[in-house]
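Listed below, chain by chain, are the residues.
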Amino acid sequence: MIMIPKDIIEKIKEKNDIVEVISEYVNLQKVGSNYRGLCPFHLETSPSFYVSPTKNIYHCFGCGASGDVIKFVQQIENISYTEAIKKLGERVGITVNFTEEDETRSLYYSFYKQLHQEYIAVLGKSPNIVDYLKKRGFNEREISLYEFGFSPSNSQLPQKVAQRLQISKEMLEKFGFGHSDPFSGRVIIPIKDDYGRVIAFGGRVVGDGVPKYLNSQDTLMFKKTSTLFMLDSAKEYIKEIDYVIICEGYFDVLAFHRAGIKNAVATLGTALTKSHIYKLKKYTNNVILAFDSDSAGIKATLRNIETLLSEKFNVVVANFSKGKDADEVYFKFGSNGLLEALDNSESSEIFVVNVLSREYDLSNPNGVNTFLRNLAKWKNVFEFNPTALDNFYKRIASLLNSEKEVIKSRFSTITADSGKSTIYNAQIEERKVKIPKTEDYLVYIYFNYPDLFKTLDFSPDILEGKAREFFLIAKDLNVSLEQLSKDMGSFVKECLEKIDIEVDEKVLENIKKDLQIRKIEKRIAEIDELIKKSVSTDERNILLNARMELVKQKNMINKSSK
Ligand code: ZN
């Protein structure tokens, strides 16, 4: 393990202002003593990503991402801890050298390179597997060009290579392998980083087995959520032609490359993430989505459209009318089939309208209403691009035999969140209009206005629901955001989302009044209990007097707030 002197880390943290660093990636807005913005690590439309300059941390109530400035750079750039330190060091003119870290990295690359060579060698000696690939349409040249391999049954190849390189069991585990070889019996597809170094494998079962495809687990050098398959060889083409084709699977992206369309990449079984998008942004702003034409593929396409548009990409969708995916189209129709699918691409706004229109009976007014309600959310997605928005209205108008202006005005009466799409519901939370309660304000003030919070005097047992539990933990100590349980975290997130105002004297005054009233009501309830149990008339009278006094106080407060 490599040690970096603690004082250097502290110095780097101190000199890198967390708000400044994060602002390089995220638009932040000041709320009280914190900053907030849209989380770069998950898709959202209302900000739940907070940065606290006093505590020097960030925290997302949506996905739970949190940490200090080093962790942020690590997460957003998808680099190791030490690399993040190095990067932040450079930012403020502090040079740090890590030789041991470099050794681990180069060992990792050697391990994967040698293991890959072993797999390739096994394939060379397995004519039945070569035949299998040939049946899938790959010729000898392609089999060697794409560096396919094969992992034999009961393979111990990872362990063998590890032994050769004197890699310990612990280290091997960090590299993604335990006692066995999870790829046994599978065709091996090398997964490379952006510089062409093998960092992981994909394995396809031969014949019918499950799972059909298997990816390496995430390791210190490989993260599925930030790796794009074939980006290393596609990036120059993407830059030159100024668009990228994004597919779903290994064989789909290989189909494009085999057809000579080399600006294609694939995600590794995940939806497009911001980190994928930041990578692509270096090369282009134009995307053709070429996912499967089945319902899972369409769902993924819709989700990806939303993610890409949130980063202002231009998105069109390839039209696979002749097959279920790129692999099949290439197999049946060759390069022309793929070119045709690209030529017939639909712009994302047309695609969205068309897909949703198939979900509803548009000959019936109720069907039309639900259709429009579900499109309202998409109207917001396309809003940043006037041409797209115009096409969007026109396409809807033509489907409904109406006029663009009529459709436009109908949308102005629909709010985006009132409808829930039946086909597109992943990642969309139901956001009903929620009116914040005192409980919500208290949480909001606790996190954003710690000084004001200290002026509030209340005991948690006058609060309702989760808030009571929260303040029992939080009231006296300084709870840091990442200490919260998942459950508590989502409660806090909900509270924070409901409020979008500066807390001023007036707001504070109302909260104080409500707290006072609740305190009195609690006292009244206690007295009522005592009255029920009272044994003497004297005792009862004293209690009744006290109760009257409290009711009077309560009315006074109520009156003063009107
Ligand atoms: Zn998040």
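For the structure given in this document, a descriptive report is provided here. Since this is a predicted model, take the numbers as computed values, not measurements. (Residues numbered from 1 in each chain as written. Predicted model: local features only at pLDDT ≥ 70, side-chain atom pairs only at ≥ 80, totals over all residues. Heavy atoms only, no water.)

Take the pattern of salt bridges next. Overall, the coordinates contain 35 salt bridges when judged by the stated rule. Here Asp-390 makes a salt bridge to Lys-394, at a shortest N to O gap of 3.1 Å. In this pair, Asp-390 and Lys-394 both sit in helix H17 (residues 386–399), 4 residues apart, roughly one turn of the helix. Look at Asp-390 and you get partly exposed, because its relative accessible area is 23%. Look at the salt bridges and you will find they share partners, linking Lys-324, Asp-325, Glu-328 and Lys-332 into a network. (Salt bridge = Lys/Arg side-chain N within 4 Å of Asp/Glu carboxyl O. Helix = DSSP H or I, 4+ residues; strand = E, 2+ residues; numbered from the N terminus. Buried < 20%, exposed > 50% of the residue type's maximum accessible area, 1.4 Å probe, protein only.)

Attention now goes to the pairing of strand E7 (residues 186–192). Here E7 lies mainly inside the structure; 7 of its 7 residues are buried. Relative to strand E8 (residues 198–205), E7 runs antiparallel, the two sharing 7 bridges. Paired with Pro-190 across the two strands is Phe-201, which belongs to E8. Remark: 5 residues form the turn of the hairpin made by E7 and E8, two consecutive strands paired antiparallel; Gly-196 in that turn has positive phi of roughly 85 degrees. (Pairing = 2+ DSSP bridges.)

What follows covers empty space enclosed by the protein. Across all of its chains, the model carries 1 cavity of 30 Å³ or more by this definition. Put simply, the largest cavity is a space of about 50 Å³. Considering the residues around the largest cavity, the lining is formed by Asn-319, Phe-320, Ser-321, Lys-322, Val-329, Gly-337, Glu-340, Ala-341 and Asn-344. Looking at the lining of the largest cavity residue by residue, the classes come out as 3 nonpolar, 4 polar and 2 charged. (1 Å grid on protein atoms, 1.4 Å probe; cavity = no way out; pocket = protein on both sides within 12 Å on 5 of 7 lines; lining within 4 Å. Points joined across faces, edges and corners; volume = space filled by probe spheres on them. Nonpolar A, V, L, I, M, F, W, Y, C, P; charged D, E, K, R; others polar.)

Bringing the sheet that holds strand E13 (residues 314–317) into the picture now. As a general point, the strands of a sheet are linked pairwise by backbone hydrogen bonds and lie either parallel or antiparallel. Taken in spatial order, the 5 strands make up an open sheet running E11-E10-E12-E13-E14, and their pairing is mixed. One side of each edge strand has no neighbouring strand; the edge strands of this open sheet are strand E11 (264–266) and strand E14 (346–347). Sheet analysis places E13 next to E14, joined by 2 bridges and oriented antiparallel. Among the inter-strand pairings, Val-317 is bridged to a residue of E14, identified as Glu-346.

Time to look at the nonpolar core. One finds Phe-111, Phe-148, Phe-229, Phe-256 and Leu-338 to be the most contacted residues of the largest nonpolar core, which totals 61 residues. A total of 8 residues in this core trace back to one element, the largest contributor, which is helix H5 (residues 99–124). When neighbours within four sequence positions are excluded, Phe-256 is seen to be in contact with Ile-245, Cys-247, Ile-261, Ala-264, Ala-290, Phe-320, Ala-326, Leu-338 and Leu-342. By size, the runner-up hydrophobic cluster in this structure holds 47 residues, among which are Leu-272, Ala-376, Val-381 and Phe-392. (Core = buried A, V, L, I, M, F, W, Y, C linked by side-chain atoms within 4.5 Å. Contact = heavy atoms within 4.5 Å.)

Closest axis-to-axis distance for the helix H19 (residues 438–448)/helix H21 (residues 465–474) pair is 10 Å, and the angle between their directions is 30 degrees. With respect to their mutual orientation, H19 and H21 come out roughly parallel. Handedness of the H19/H21 crossing: left-handed. Seen from H19, the contacting residues are Glu-439, Leu-442, Val-443, Tyr-446 and Phe-447; seen from H21, they are Ala-467, Phe-470, Phe-471 and Ala-474. Along the lines of polarity and charge, the residues of the contact of H19 with H21 split into 8 nonpolar, no polar and 1 charged. (Axes fitted to C-alpha atoms, helices over the stretch in contact; angles between N-to-C directions. Parallel < 35°, antiparallel > 145°, perpendicular 65-115°, else oblique. Left-handed = near helix turned anticlockwise from the far one by under 90°.)

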